[in-house]
Amino acid sequence: QKGMIIRDMNEYLHPASPKWYATRGIPYRRGYLFHGPPGTGKTSLSFALAGIFGLEIYAISLQEPTLTEGDLMQLFNGLPRRCIVLLEDVDAAGLLRDGLSDADQGSKKKHRKEKKKDEVDSTEKVEEKKEDSTEPPKKDEAFTLKDLARELKAVSAPRRGGGGGNRGKDSDGQSTVGISLSGLLNAIDGVATHEGRVLIMTTNHPEKLDAALVRPGRVDRKVEFRLAMKEQVRELFVRMYAASDEVPEAGLISGAAAVGNGSLKGSGKPGSEQANGHAKGPGAADDGVELAHLTRPELEELAEEFAGRVPDDQFTPAEVQNLLMRHKKEPRVALAKVDEWVKATLEEKEEEAGIDDDKDEDDVGE
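- The name recorded for the chain in an unreviewed UniProt entry is AAA+ ATPase domain-containing protein, from Friedmanniomyces endolithicus.

Encoded structure:
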């Protein structure tokens, strides 16, 4: 998949591509949707692509409550013509066609149900009062008119920034303005939008996205990021230990004065400093021996055995990398501890899944 994305982006960024697009009347844009569980490398690959092609990358958060559609359009217009625009977690922004956030949508539904119930109750009370008295139900009518006035005020309230957006409330109960779906689409590929950029959107839940946002022309490639498989785990292991020429020391920083670059001044005793100027910690002389004497075939063999002990499609690459980073210079120690780590991590995941199930049951019960 990485190779496919690199080839596709390389073709798009070729100097002859703008003319090819213009000749055929196709807007010169390219969009990608990276979707998959958290920790599978969606954002990391986005930054890696920027490094490969020498492009600047601009990350824009749509979840900022004070961001208006006018602000978003201004941000897009201020970007260079050739760059990568990264929109992370677009599913969490609550984008809807009517300009209301998910939270507002739910609250409005709840309010409508309560209002309907109140109207039914009011009608019943009116019927009872009519039997006893001919007086009109002024109290109930006043309550209904008050609700109507509140709704009209909310709908007609002016929005900041000169643009529409999602309306919501922050923790203090103050109304906020966000981005609506139409506002985002206008910023991405509206009439005034510059061509030549690469748009990357990431999401953990692609099924929550509106079809208009991910249609062909806006999103040209959808790339699924899965949990780590054996080949990926093997590559992580080899990459971690094959490039370990210099590894940061684990010794305690004590007994010496720090210099400007953060390294330690030596004590003046022979052998107290390494070539790079860092003070040696306890046992530092033997720390790199294992890696120094590890040949490439041996490393490949260790990587195969390590990958064989990690079950497929259970852990994210970030989780596997975290285990390897605990043993930066000790590949055999990482191999020895992988079974224990797998067992403990799976138990932790099962616990978290049980807690989530309990929460879902409580929500259904309410």
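Still to come is the rest of the account.
### As for helix H1 (residues 2-12)
Moving on, step 1. Among all positions in H1, only Ile 5, Asp 8, Met 9 and Tyr 12 are buried. Buried residues of H1 fall within an arc of 95° about the axis and therefore sit on the same side. Away from its buried face by more than 90 degrees, H1 exposes Arg 7 and Glu 11.
Moving on, step 2. Buried positions along H1 lie against helix H2 (17-23), strand S1 (30-35), helix H3 (42-53), strand S6 (198-203) and strand S7 (221-224).

### What to know about a negative patch on the surface
Moving on, step 1. A cluster of acidic side chains, namely Glu 347, Glu 348, Glu 350, Glu 351 and Glu 352, defines a negative patch on the protein surface.
Moving on, step 2. With respect to the secondary-structure elements, Glu 348 resides in helix H13 (residues 331-365).
Moving on, step 3. Judged by relative accessible area, which is 47%, Glu 348 ranks as partly exposed.

### A closer look at empty space enclosed by the protein
If a probe as big as a water molecule is rolled over the atoms, it shows which places are left empty.
Moving on, step 1. Under the defined criterion, the tally for this structure stands at 2 cavities of 30 Å³ or more.
Moving on, step 2. Estimated volume of the largest cavity: approximately 140 Å³.
Moving on, step 3. Along its surface, the largest cavity is lined by 15 residues, and Arg 29, Arg 30, Ile 188, Arg 197 and Leu 199 are the ones closest to its centre.
Moving on, step 4. Counting residues per element, the ones that place at least two in the lining of the largest cavity are S1, helix H7 (181-189) and S6.
Moving on, step 5. Classifying every residue of the lining of the largest cavity by side-chain character gives 5 nonpolar, 4 polar and 6 charged.

### Brief notes about the sheet that holds strand S3 (residues 84-87)
Moving on, step 1. Strand order across the open sheet formed by 5 strands is S2-S3-S6-S1-S7, with parallel pairing between neighbours. Among the strands making up the open sheet, the edge pair consists of strand S2 (57-60) and S7. For this sheet, the mean inter-axis angle between neighbouring strands, taken without regard to orientation, is 20°.
Moving on, step 2. Bridge count for S3 against S6 is 4 bridges, and the pairing is parallel. Bridge pairing in S6 places Val 85 opposite Leu 199.
Moving on, step 3. Packing against the sheet, H1 makes contact with S1, S6 and S7, and its axis sits at approximately 165° to S1.

### Here we look at the layout of surface pockets
Moving on, step 1. There is about 820 Å³ of room inside the second largest pocket.
Moving on, step 2. If you trace the second largest pocket, you find 25 residues lining it, with Lys 2, Thr 40, Phe 225, Gln 232 and Pro 317 closest to the centre.
Moving on, step 3. Mapped by element, the contributors of at least two residues to the lining of the second largest pocket are H1, H3, S7, helix H8 (230-242) and helix H12 (317-325).

### Here's the deal with the side chain of Thr 40
Moving on, step 1. Examined against the element boundaries, Thr 40 turns out to sit in the loop between S1 and H3.
Moving on, step 2. Within polar-contact distance, the side chain of Thr 40 engages the backbone oxygen of Pro 37 at 2.7 Å.
Moving on, step 3. Here Thr 40 is in contact with Phe 225, Arg 226, Leu 227, Thr 316 and Pro 317, once residues within four sequence places are set aside.

### Some points on the side chain of Arg 197
Moving on, step 1. Secondary-structure assignment places Arg 197 in the loop between H7 and S6.
Moving on, step 2. A polar atom in the side chain of Arg 197 sits 3.1 Å from the backbone oxygen of Pro 80.
Moving on, step 3. Look past the residues within four positions of Arg 197 in its chain and what remains in contact with it is Tyr 12, Arg 29, Arg 30, Phe 76, Leu 79, Pro 80, Arg 81, Cys 83 and Val 85.

### Section: the environment of Thr 43
Moving on, step 1. For Thr 43, the position within the fold is in helix H3.
Moving on, step 2. With relative accessibility at 25%, the residue Thr 43 sits in the partly exposed group.
Moving on, step 3. As a C-alpha pair, Thr 43 and Ala 59 span 16 residues in sequence and 9.8 Å in three-dimensional space.

### With respect to the packing of aromatic side chains
Moving on, step 1. By the definition in use, this model includes 9 aromatic pairs.
Moving on, step 2. For the ring pair Tyr 12 and Tyr 21, a centre distance of 6.0 Å and an interplane angle of 90° mean the geometry is edge-to-face. Note on accessibility: Tyr 12 and Tyr 21 belong to one class, buried.
Moving on, step 3. Ring geometry for Phe 237 versus Phe 306: centroids 5.0 Å apart, planes at 35°, classification tilted. Of this pair, Phe 237 sits in helix H8 while Phe 306 sits in helix H11 (residues 296-309), and the two are 69 residues apart along the sequence. Per residue, the accessibility class of Phe 237 equals that of Phe 306, and both read buried.
Moving on, step 4. Among the aromatic residues, ring-to-ring pairing joins Tyr 12, Trp 20, Tyr 21 and Tyr 28 into one connected group.

### Comments concerning the environment of His 205
Moving on, step 1. Summarising the element assignment, His 205 is placed in the loop between S6 and S7.
Moving on, step 2. Considering only alpha carbons, one finds His 205 and His 35, 170 residues apart in sequence, at a separation of 7.0 Å.

### Looking at the pattern of salt bridges
Moving on, step 1. Tallied over the full model, the rule gives 14 salt bridges.
Moving on, step 2. Between Arg 234 and Glu 231 there is a salt bridge, with the nearest N and O atoms lying 2.9 Å from each other. Of this pair, Arg 234 and Glu 231 both sit in helix H8, 3 residues apart, which is roughly one turn of the helix.
Moving on, step 3. You can call Glu 231 partly exposed: its relative accessible area is 45%.

The rules we used
Residues numbered from 1 in each chain as written. Predicted model: local features only at pLDDT ≥ 70, side-chain atom pairs only at ≥ 80, totals over all residues. Heavy atoms only, no water. Buried < 20%, exposed > 50% of the residue type's maximum accessible area, 1.4 Å probe, protein only. Helix = DSSP H or I, 4+ residues; strand = E, 2+ residues; numbered from the N terminus. Arc of directions from axis to C-beta. Contact = heavy atoms within 4.5 Å. Patch = residues over 30% accessible without salt bridge, like charges linked within 9 Å, V, L, I, M, F, W, Y side chains within 5 Å. Areas by Shrake-Rupley, 256 points an atom, 1.4 Å probe, with all protein chains shown as cover. Salt bridge = Lys/Arg side-chain N within 4 Å of Asp/Glu carboxyl O. Lys, Arg positive; Asp, Glu negative; His and termini not counted. Charge placed at Lys NZ, Arg CZ, Asp CG, Glu CD. 1 Å grid on protein atoms, 1.4 Å probe; cavity = no way out; pocket = protein on both sides within 12 Å on 5 of 7 lines; lining within 4 Å. Points joined across faces, edges and corners; volume = space filled by probe spheres on them. Nonpolar A, V, L, I, M, F, W, Y, C, P; charged D, E, K, R; others polar. Pairing = 2+ DSSP bridges. Axes fitted to C-alpha atoms, helices over the stretch in contact; angles between N-to-C directions. Polar contact = N/O pair within 3.5 Å; in protein donor to acceptor, adjacent residues only side chain to side chain. Phe/Tyr/Trp six-rings, centres within 6.5 Å; stacked < 30°, edge-to-face > 60°.

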